[in-house]
Amino acid sequence: MQDNIVLIGFMGTGKDTIGRMLARKLKMEFISTDNLIELSEGRCIKEIFERDGEAYFRKLEENALKTIKGLKNIVIATGGGIVINPENRIRLRKIGRVIQLDAELPALKRRIITRDKRPLIRNQSDIETLYRKRSGMYDFAEIRVNTTRNSPQMVVDEIIHTLMLQRNYIPVSRTKVLVRAKSRSYPVIIGVGILDILRNRNSRTVVVSNPLVSALYLEKVLASLNNHTKYVVIPDGEKYKTLKTAELLYDFLQKNNFQRSDLLVSLGGGVISDIAGFVAATFKRGIRLIHIPTTLLGQVDAAIGGKNGVNTDNGKNLIGTFYQPEMVICDLKTITTLSDKEFKNGIAEIVKYALIKSPELFRILKDNIKAIKKRDPGILSVIVEKCVTIKSEIINKDETERLNTRQILNFGHTIGHVVETLTGYKKYSHGEAVSMGMIEEIRLFRGNEQRLNEIKRLLENYGLPVKMPEKIKSRDIKMVLIQDKKIWQNRIRMPVFKDIGRVHIKEVLCEDLL
Ligand SMILES: NC(=O)c1ccc[n+]([C@@H]2O[C@H](COP(=O)([O-])OP(=O)(O)OC[C@H]3O[C@@H](n4cnc5c(N)ncnc54)[C@H](O)[C@@H]3O)[C@@H](O)[C@H]2O)c1
């Protein structure tokens, strides 16, 4: 993986074309701030300008940069006016290595002919006026490349040469794990660059995603599907995993006359697979479903096993079903663009799998820290395959959580949930809370000290916290568990750690726990 690359420059300098080519050549991903804004707003830029004015659009640009901040391995093409706001210039430099694309005015005048698409250009003289007005605003770039006389390919080569960029890409062969649930068996395909493997020629397809994931990956998924494929973009975030959003999706399916034989594809993290899975399970009592998880947590956990759901005001995942997809596609290349925070959320769950079921996975996590943190697809492929296999074995025995077998997946989550509740779901990410939860649960059941230290070291090596916040006392933990109804008749059922790869479900007395 390498630093992000940010392309800035006046309209018509070729940021989109060159950005796409550069990303392809370096095996990075491409995103355009304008496209991200259009997907978030559900309307085109011209309409945004006409209805809400330039100031509103500039605010959206600022938000787009906040959304992109933290992502990795991307080439970003920005809107020409994004640099007007001096704070954006600082933001852009923090996001990646900034390159200014430039061109001489007559060339720009020749290129900017599509008046309809450019809300600030009504006639040729506007180009010159705006060009002069913006002069100097792009000067904060690390390098400037003139595109007047060079082909896009030559510009790409010049950028690669000047910045000494290298493509670091390790192809991996495709693997397949079969999930054997009682209700259905289905393949989980794991590979690199496989977003386009879907071929759904006969029935109709709708892809459900969010603005950020769509801006990064939708085009690739749509490329392999037929022209009648539709897509729906829902807002990003846990707070939209609601019945209200589900209703919007039902409406869309209804209006487009979707039938049970038609296909719904979820493209995104656990929020998307949960809500899309729920809608697929319930619309007309179940339409076809394929998950394309794009977060590490989604690939090793959320998209596997058929559990779906939405939140209500009373709690998370209170409404949902068990409904297995017919296929899951895990493209490891999507993991390279995740922010560190989201990547670590996945790592915490992977450590959990190792602790509950696999000393071998624990060893892999210990021996390959550098490669894993660099998101090497070769090692990630091994890890995702192992996690999917473990989850598949658990699902095979207890698809609908009737036998408590599936409960071992909650290891670290009981106390993790307490941490999230007591810190208002703000201070720690889910993965961080689970990391602290796992250590605390081992400690509470007096796990072997040497093992405990070994596990702590592993989590710390991945940048995950292992010490409970000072302010959380035993009394607080008990209060949260009671409110959460996990404690019943002074007893609680939870996974108890025995050794790496071994946990038991045990009913424990609260006194023993706290
Ligand atoms: N059904 C299950 O069995 C199960 C299991 C675990 C978790 N979950 C659910 O999963 C959800 C959490 O999932 P999550 O951690 O994937 O969070 P998420 O879906 O909210 O995604 C996290 C963020 O990453 C962004 N993102 C997604 N893919 C990206 C990519 N390739 N590059 C850059 N950014 C990307 C998203 O836009 C989002 O902002 C919760 O709602 C949880 O309840 C369900």
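Everything numeric in this text was worked out from a predicted model, so none of it was measured.

Novice: Teacher, can you tell me more about the overall build of the protein here?
Specialist: Helix and strand counts for the protein come out as 20 helices and 16 strands. At 25 Å, the protein has a C-alpha radius of gyration in line with the 24 Å of a compact globule built from 514 residues. Principal axes of the C-alpha set define a box for the protein whose edges measure 80 × 50 × 45 Å. In the protein, which comprises 514 residues, the proportion classed as buried is 54%. Within the protein, contacts between residues at least 6 apart in sequence are counted, and of these 73% link residues at least 24 apart. For the protein, the exposed surface amounts to about 23,700 Å²; the carbon and sulfur share of it is 48%. For the protein, the distance from the average site of its 86 positive side-chain charges to the average site of its 59 negative ones is 2 Å.

Novice: Would you mind showing me how to read the pattern of salt bridges here?
Specialist: When charged atoms on two side chains of opposite charge get close, those side chains can pair. Applying the stated criterion across every chain, the model contains 41 salt bridges. For Arg-58, the salt bridge goes to Glu-61, with nearest N and O atoms at 2.8 Å. Linking Arg-58 with Glu-61, this pair stays in helix H3 (residues 45-68), spanning 3 residues, or about one helical turn. The pair formed by Arg-58 and Glu-61 is uniform in burial state, with each residue classed as buried. One continuous salt-bridge network, built from bridges that share partners, spans Lys-59, Glu-62, Lys-66, Glu-87 and Arg-91.

Novice: Help me understand helix H4 (residues 86-95) in this model?
Specialist: Each α-helix turn comprises 3.6 residues. Residues three or four places apart therefore point the same way. Within H4, burial applies to Asn-88, Arg-91, Leu-92 and Ile-95. Here the buried residues of H4 occupy an arc of 100° about the axis, which is enough to place them on one side. Along H4, the residues that are exposed and aim more than 90 degrees away from the buried face are Pro-86, Arg-93 and Lys-94. Summarising the contacts, the buried residues of H4 are in contact with strand E1 (5-9), H3, strand E3 (74-77) and strand E4 (97-102). The N-capping residue of H4, defined by a side-chain oxygen 2.8 Å from the backbone nitrogen of Glu-87, is Asn-85.

Novice: Quick question: what am I supposed to make of the state of the cysteines here?
Specialist: Between two cysteines, a covalent bond joining their sulfur atoms is known as a disulfide. The full count for this structure, using the stated rule, is 0 disulfides. Among the cysteines around Cys-330, which has no disulfide bond, Cys-387 carries the closest sulfur, lying 10 Å off. Given the relative accessible area of 0%, Cys-387 is considered buried.

Novice: Any chance you could explain helix H6 (residues 124-134) here in plain terms?
Specialist: Listed as buried for H6 are Asp-126, Ile-127, Leu-130, Tyr-131 and Arg-134. In a view along the axis of H6, the buried residues occupy a sector of 130°, so they form one face of it. Exposed residues lying more than 90 degrees from the buried face of H6 are Thr-129, Arg-132 and Lys-133. Close packing links the buried residues of H6 with H3, E4 and helix H5 (105-111). Just beyond H6, the residue with positive phi is Gly-136, at close to 90°.

Novice: Would you explain unusual backbone geometry in this entry?
Specialist: The general pattern is negative phi for most residues beyond glycine and trans for most peptide bonds. Here the phi dihedral of Lys-27 falls at roughly 60°; this positive angle occurs in a residue that is not glycine. Within the secondary structure layout, Lys-27 lies in the loop between helix H1 (15-26) and strand E2 (29-32). Classification of Lys-27 as partly exposed rests on a relative accessible area of 28%. Notably, Lys-284 is not glycine yet its phi reads approximately 50°, a positive angle. Assignment of secondary structure puts Lys-284 in the loop between helix H10 (270-282) and strand E11 (288-293). Note on Lys-284: relative accessible area 33%, which makes it partly exposed.

Novice: What am I meant to see in the sheet that holds E4 here?
Specialist: Sheets are built from strands that pair by backbone hydrogen bonding, the pairs being arranged parallel or antiparallel. Ordered by their spatial adjacency, 5 strands build an open sheet running E2-E3-E1-E4-E5, and the pairing between neighbours is parallel. Across the chains shown, the open sheet's two edge strands, defined by having one partner strand only, are E2 and strand E5 (143-146). With strand direction ignored, the average angle separating the axes of adjacent strands in the sheet is 25°. Where E2 meets E3, 4 bridges bridge the pair, whose relative direction is parallel.

Novice: Honestly, the pairing of strand E8 (residues 205-209) in this entry has me stumped. Any pointers?
Specialist: In terms of burial, E8 is a largely internal element, 5 of the 5 residues being buried. A two-sided burial pattern is seen for E8, the buried positions comprising Thr-205, Val-207 and Ser-209 on one face and Val-206 and Val-208 on the other. Pairing analysis gives 4 bridges linking E8 to strand E10 (residues 263-268), with the strands arranged parallel. Looking across to E10, one finds that Val-207 is bridged to Val-265. Looking at chain direction, E8 and strand E9 (residues 230-233) are connected through 4 bridges and run parallel. Note that in E9 the partner of Val-206 across the bridge is Lys-230. The parallel pair E8 and E9, bridged by helix H8 (residues 211-223), forms a crossover whose chirality is right-handed.

Novice: I tried to follow the sheet that holds strand E7 (residues 185-191) on my own but got confused; where do I start?
Specialist: Ordered in space as E6-E7-E14-E11-E10-E8-E9, the 7 strands form an open sheet in which the pairing is mixed. Each end of this open sheet is capped by a strand with a single partner; those strands are strand E6 (175-180) and E9. Taken pair by pair, the neighbouring strands of this sheet meet at an average axis angle of 20°, ignoring direction. Where H10 meets the sheet, its contacts fall on E8, E10 and E11, and the angle it forms with E10 comes to roughly 165°.

Novice: Would you take a moment to explain the domain arrangement of the protein for this structure?
Specialist: In terms of domains, the protein is made up of domain 1 (5-163), domain 2 (175-338) and domain 3 (342-514). The gap between the C-alpha centroids of domain 1 and domain 2 is 31 Å. Every contact between the two is made by 16 residues of domain 1 and, on the other side, 14 residues of domain 2. In total, domain 1 and domain 2 occlude about 1,200 Å² of area from one another, counting both sides; carbon and sulfur atoms represent 60% of this. When the buried area of domain 1 at its contact with domain 2 is split by residue, Glu-29, Leu-39 and Leu-71 rank highest and sum to 45% of it. On the surface where domain 1 and domain 2 come into contact, there are 3 salt bridges. The shortest N-O distance in the salt bridge between Lys-333 and Glu-29 comes to 2.8 Å. Elements represented by at least two residues in the side of domain 1 that touches domain 2 include exactly E2 and helix H2 (33-41).

Conventions and cut-offs
Residues numbered from 1 in each chain as written. Predicted model: local features only at pLDDT ≥ 70, side-chain atom pairs only at ≥ 80, totals over all residues. Heavy atoms only, no water. Helix = DSSP H or I, 4+ residues; strand = E, 2+ residues; numbered from the N terminus. Rg over C-alpha atoms; globule rule 2.2 N^0.38 Å. Buried < 20%, exposed > 50% of the residue type's maximum accessible area, 1.4 Å probe, protein only. Contact = heavy atoms within 4.5 Å. Areas by Shrake-Rupley, 256 points an atom, 1.4 Å probe, with all protein chains shown as cover. Lys, Arg positive; Asp, Glu negative; His and termini not counted. Charge placed at Lys NZ, Arg CZ, Asp CG, Glu CD. Salt bridge = Lys/Arg side-chain N within 4 Å of Asp/Glu carboxyl O. Arc of directions from axis to C-beta. Polar contact = N/O pair within 3.5 Å; in protein donor to acceptor, adjacent residues only side chain to side chain. Disulfide = S-S within 2.5 Å. Pairing = 2+ DSSP bridges. Axes fitted to C-alpha atoms, helices over the stretch in contact; angles between N-to-C directions. Right-handed = clockwise from strand over helix to strand, strands pointing away. Domains from an automatic or database assignment. Buried area = accessible area lost by both parts, 1.4 Å probe.

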